[in-house]
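Given next are the chains, with one letter for each unit.
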Amino acid sequence: MESVIRFLNVVVSIVFLAFSWSCFAITLPKDKAEATYHYYDGGGVEVSGPALFVRKSVADTVSVTASYYVDAVTSASIDVETYASPYEEDRTEYSVSADYVENDAKITVAYVNSEESDYESDTIHFDYQEEFFGGLTTASLGYSSGSDDVLSNTSDFKDFADHEFYRLGLSQVLTPVFLIRANYEHVSDKGFLGSPYRKSVVNGVLFDENLPRTRRSDAFSFGADYFIETWSAAIKAQYRYFSDTWDVKADDFRLSVTKSLRSHWIIEGWVRYYGQTSASFYQDQFSSIFQYRSRDKELSDFDSYSLGIGFEYLIEDTDWLKEPSFAIGSEWIRYQYNDFYQYQNGDFNQNNNKRLYEFDATIIYVSFSTGF
Amino acid sequence: MKKAYWFFILLLSGCFVQAHAEQQAPDFVLKSVADGNVRLSEHYGEVILLNFWATWCGPCRKELPVLNNLQKKYERAGFSVLAVSVDEADAKVANYVEPFKLSFPVLLDEEHKVVKEYDIQAMPGSVFLSRDGEIKYVHLGYKEGDEAKYSKIIESLLKE
Amino acid sequence: MRYLDSALKVSKCMILLSMALVMFGCVKIPEIKPWVAPYERSLLSREEMIRVRHSHPGQFREHVYAVRGAAQGATGTQGGGCGCN
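- As annotated in an unreviewed UniProt entry, chain C carries the name DUF4266 domain-containing protein and comes from Litoribacillus peritrichatus.

- Going by what an unreviewed UniProt entry lists, chain B is known as TlpA disulfide reductase family protein and is assigned to Litoribacillus peritrichatus.

Describing the overall build of chain B
So, step 1. When helices and strands are tallied, chain B shows five helices and eight strands.
So, step 2. Secondary structure elements of chain B occur, N-terminal to C-terminal, as α-β-β-β-β-α-β-α-β-α-β-β-α.
So, step 3. Classification of the 160 residues of chain B by burial places 34% in the buried group.
So, step 4. Within chain B, residue pairs in contact and separated by at least 24 positions form 70% of the contacts whose partners lie at least 6 positions apart.

Topic: the overall build of chain C
So, step 1. On a plain count of helices and strands, chain C comes out with two helices and zero strands.
So, step 2. The 85 residues of chain C split such that 41% are buried.

Side note on the confidence of the model for chain C
Residues and elements named next belong to chain C.
So, step 1. When the pLDDT values of chain C are averaged, the result is 74; 52% of them are 70 or greater.
So, step 2. Under a pLDDT of 50 for its full length, residues 25-29 has, in the predicted model, seven contacts with residues more than four places off or in other chains.
So, step 3. Scoring the predicted complex yields pTM 0.83 and, for the interface, ipTM 0.90.

Topic: the interface of chain A and chain C
So, step 1. Every contact between the two is made by 80 residues of chain A and, on the other side, 42 residues of chain C.
So, step 2. Of the residues forming the side of chain A that touches chain C, the biggest block, six residues, is contributed by strand S12 (residues 214-228) of chain A.
So, step 3. Of the residues that constitute the side of chain A that touches chain C, the class distribution is 35 nonpolar, 29 polar and 16 charged.

Things to note about the packing of helix H2 (residues 58-74) of chain B against helix H5 (residues 146-159) of chain B
Residues and elements named next belong to chain B.
So, step 1. Across the interface, H2 lies against H5 with an axial gap of 11 Å and an inter-helix angle of 30 degrees. In terms of orientation, H2 and H5 fall into the roughly parallel class. When you trace H2 past H5, the crossing you get is right-handed. Across the interface between the two elements, Val66, Leu70 and Tyr74 from H2 touch Glu147, Tyr150, Ser151, Ile154 and Leu158 from H5.
So, step 2. For the contact of H2 with H5, a count of residues per class yields six nonpolar, one polar and one charged.

Brief notes about unusual backbone geometry
So, step 1. Omega for the peptide link from Met123 of chain B to Pro124 of chain B comes to -5 degrees, which places this bond in the cis form.
So, step 2. Along the chain, Pro124 of chain B turns up in the loop between helix H4 (113-117) and strand S7 (125-129).
So, step 3. Its identity is not glycine, yet His264 of chain A carries a phi of approximately 80 degrees, on the positive side.
So, step 4. Mapping His264 of chain A onto the fold places it in the loop between strand S14 (249-261) and strand S15 (265-276).
So, step 5. Positive phi, close to 50 degrees, is recorded for Asp119 of chain B, a residue that is not glycine.
So, step 6. Within the element layout of this structure, Asp119 of chain B appears in the loop between H4 and S7.
So, step 7. What makes Asp119 of chain B partly exposed here is the crowd of 13 C-beta atoms within 10 Å.

Considering the pairing of S12 of chain A
Residue and element names in this part refer to chain A.
So, step 1. Bridge count for strand S9 (residues 178-191) against S12 is 13 bridges, and the pairing is antiparallel. Bridge pairing links Asp189 to Arg215 in S12.
So, step 2. Where S12 folds back onto strand S13 (residues 233-244) in an antiparallel hairpin, the turn is made up of four residues, including Ser232, whose phi is positive at roughly 55 degrees.

Quick word on helix H2 (residues 55-67) of chain C
So, step 1. A rise of 1.5 Å per residue sets the reference length of H2 of chain C, with its 13 residues, at 18 Å; its end C-alpha atoms lie 19 Å apart and thus fit the reference within 8%.
So, step 2. Those residues of H2 of chain C that fall on the buried side of the exposure criterion are Ser55, His56, Pro57, Gln59, Phe60, Arg61, His63, Val64 and Tyr65 of chain C.

A few points about the pairing of strand S4 (residues 87-102) of chain A
Residues and elements named next belong to chain A.
So, step 1. Pairing analysis gives 14 bridges linking strand S3 (residues 62-75) to S4, with the strands arranged antiparallel. When the sheet's bridge partners are listed, Val73 is paired in S4 with Glu89.
So, step 2. Judged from the 11 bridges that link them, S4 and strand S5 (residues 105-116) form a sheet pairing that is antiparallel. When the sheet's bridge partners are listed, Ser97 is paired in S5 with Ala110.

Describing the environment of Ala219 of chain A
So, step 1. As for its placement among the helices and strands, Ala219 of chain A is situated in strand S12.
So, step 2. Owing to 22 C-beta atoms within 10 Å, Ala219 of chain A belongs among the buried residues under this scheme.
So, step 3. Non-local contacts of Ala219 of chain A, meaning those with residues more than four positions away in its chain, are made with Glu185, Arg240, Tyr241 and Phe242 of chain A together with Ala71, Gln72, Gly73 and Ala74 of chain C.

Considerations on the environment of Glu40 of chain C
All names here are of chain C.
So, step 1. Relative to the helices and strands, Glu40 resides in the loop between helix H1 (2-23) and H2.
So, step 2. Owing to 19 C-beta atoms within 10 Å, Glu40 belongs among the partly exposed residues under this scheme.
So, step 3. Residues Glu40 and Tyr65, 25 residues apart in the sequence, show an inter-C-alpha distance of 36 Å.

What about H2 of chain B?
Residue and element names in this part refer to chain B.
So, step 1. Spanning 17 residues, H2 covers 25 Å between terminal C-alpha atoms, matching the ideal 24 Å at 1.5 Å per step.
So, step 2. The largest bend in H2 is about 30 degrees, located at Leu64, with the proline Pro65 one to four residues further on.
So, step 3. Within the sequence span of H2, burial applies to Pro59, Cys60, Glu63, Leu64, Leu67, Leu70 and Tyr74.

Observations regarding the environment of Ser221 of chain A
So, step 1. Here Ser221 of chain A shows up in strand S12.
So, step 2. With 73 residues separating them in the primary sequence, Ser221 of chain A and Asp148 of chain A have C-alpha atoms 27 Å apart.
So, step 3. In this structure Ser221 of chain A touches Asn183, Gln238, Tyr239 and Arg240 of chain A together with Ala74 and Thr75 of chain C, once residues within four positions along its chain are discounted.

Conventions adopted
- Residues numbered from 1 in each chain as written.
- Chains lettered and ligands numbered in written order.
- Predicted model: local features only at pLDDT ≥ 70, side-chain atom pairs only at ≥ 80, totals over all residues.
- Helix = DSSP H or I, 4+ residues; strand = E, 2+ residues; numbered from the N terminus.
- Buried ≥ 20, exposed ≤ 12 C-beta atoms within 10 Å, placed from the backbone.
- Contact = placed C-beta atoms within 7 Å.
- pLDDT = per-residue confidence, 0-100.
- Nonpolar A, V, L, I, M, F, W, Y, C, P; charged D, E, K, R; others polar.
- Axes fitted to C-alpha atoms, helices over the stretch in contact; angles between N-to-C directions.
- Parallel < 35°, antiparallel > 145°, perpendicular 65-115°, else oblique.
- Left-handed = near helix turned anticlockwise from the far one by under 90°.
- Pairing = 2+ DSSP bridges.
- Expected span 1.5 Å × (residues − 1).
- Bend = angle between axes of the 7 residues up to and from the residue.

Pasting the structure below:
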């Protein structure tokens, strides 16, 4: 009798992980609806629009999500100012996804379609996530494949751009108040990777830019979340390192503090520093025609600093709504370019009348989210 | 060799059994949200569902109305749910459970003494005790549809 | 080759024997028990620690960062492509 008991004891302790369906096994994402208005204004570009999102469980183990997002863009950016005309454009993005949960694992499949008058994109995502050690460790794998059509509003231009993404992630609970995260992502791009409108400058003259037709990149990020009980506040930090075959190297540090104020209110403040070095074929002005050439300021050497603040107001549950809340926030970002110049009157021959370009951008969002 | 294979098969079959080795449930006294203390042994003679839960646990919240229904259904046959909250001292558990209109005692295990004694490895954790206070089944976690399993276990324990 | 066969047979017996020993509790497998018990995770579930409730604001910020720079990836959010130049 005793040996049977001991046998059962061992069996139960060995299999409990496999058969737990609990708070810290992976649970199906909660039913949720969210409506957000987002706004960006910086460097002559204004983008605004709504985003709607609904997620509903359709069976014990499956939940589906649908979302709709619009960017209404008005652009009079520095490039536009210099050699093009201001434009307005709408970008619409639809996405659908499904999550399937079984014991300690979750599989997510998603499809995203984005359309604007000169760019169409279809992307599918596959993600797998599993928990171990009583839910203290979460490991994830992901793969995405995107297929884009690049067009032009001003010509018959047509080309393609394909992207493949490979992701690995790990998060680990170390103590009841501390967890750490690590992520790795490899991206591989093929096709037309630039802009049919953007120009490079060779000896003061505008030429079409020409980018390599392949690019591979690696990004690693490490993060930590720590909860300070005495302050009722969480501190979260993250560092990401990026490097690609175009020679761009970038560092990204983020730090945020999230605190509850009284009941119902949560305040969050964050700072971010981002710095990158330029692509090997970037120059503000080329002295002769190189095979690969770009004056894309986003491929140049620059630094950016952000400061953000957000508030969340938690509303009482009602018959229909569970954990409803409002969120509002703003981020101010300064971009400082180290090798991209603004020329007086857009005249690239004015080498004495140029200054390093910099601008400030603002992001604002207002959002309502609720479970049901 | 054959004996070894037989043991291996037994091991696999063990995977489908959620039974727990029979042992006497450790007795305890805990404060209740409705003034007063509750001692486990006071409920011997009834089939008991000892449920460990917390206000911060989503599936636990979903399970509370289910437990309420089970309580009402089997109460007269000699069954009781004892819900033990493992929330910290400032969690205001009483306010949290008020809208649920629970018809069973909600006990407070703020110092985690009892949940540790019962070695609960997931939240929520349901321990089914027979009328003489023996641990018969342990069910970890909650998902929709588990109420059928609970009913089965309770009915078999009521018959004993 | 013959040695390989008998080596395999012996190791099979060894594995099954050790499983039997474990099952009878004579030998204990070192169990990695979660060092933070499930009932100790209240603080990790606090509002302040939950990574995100409103998903879009964070995604939009991430989108702005990706469009306004060359770096992308390893941030835990993904979206679709766009001609955001």
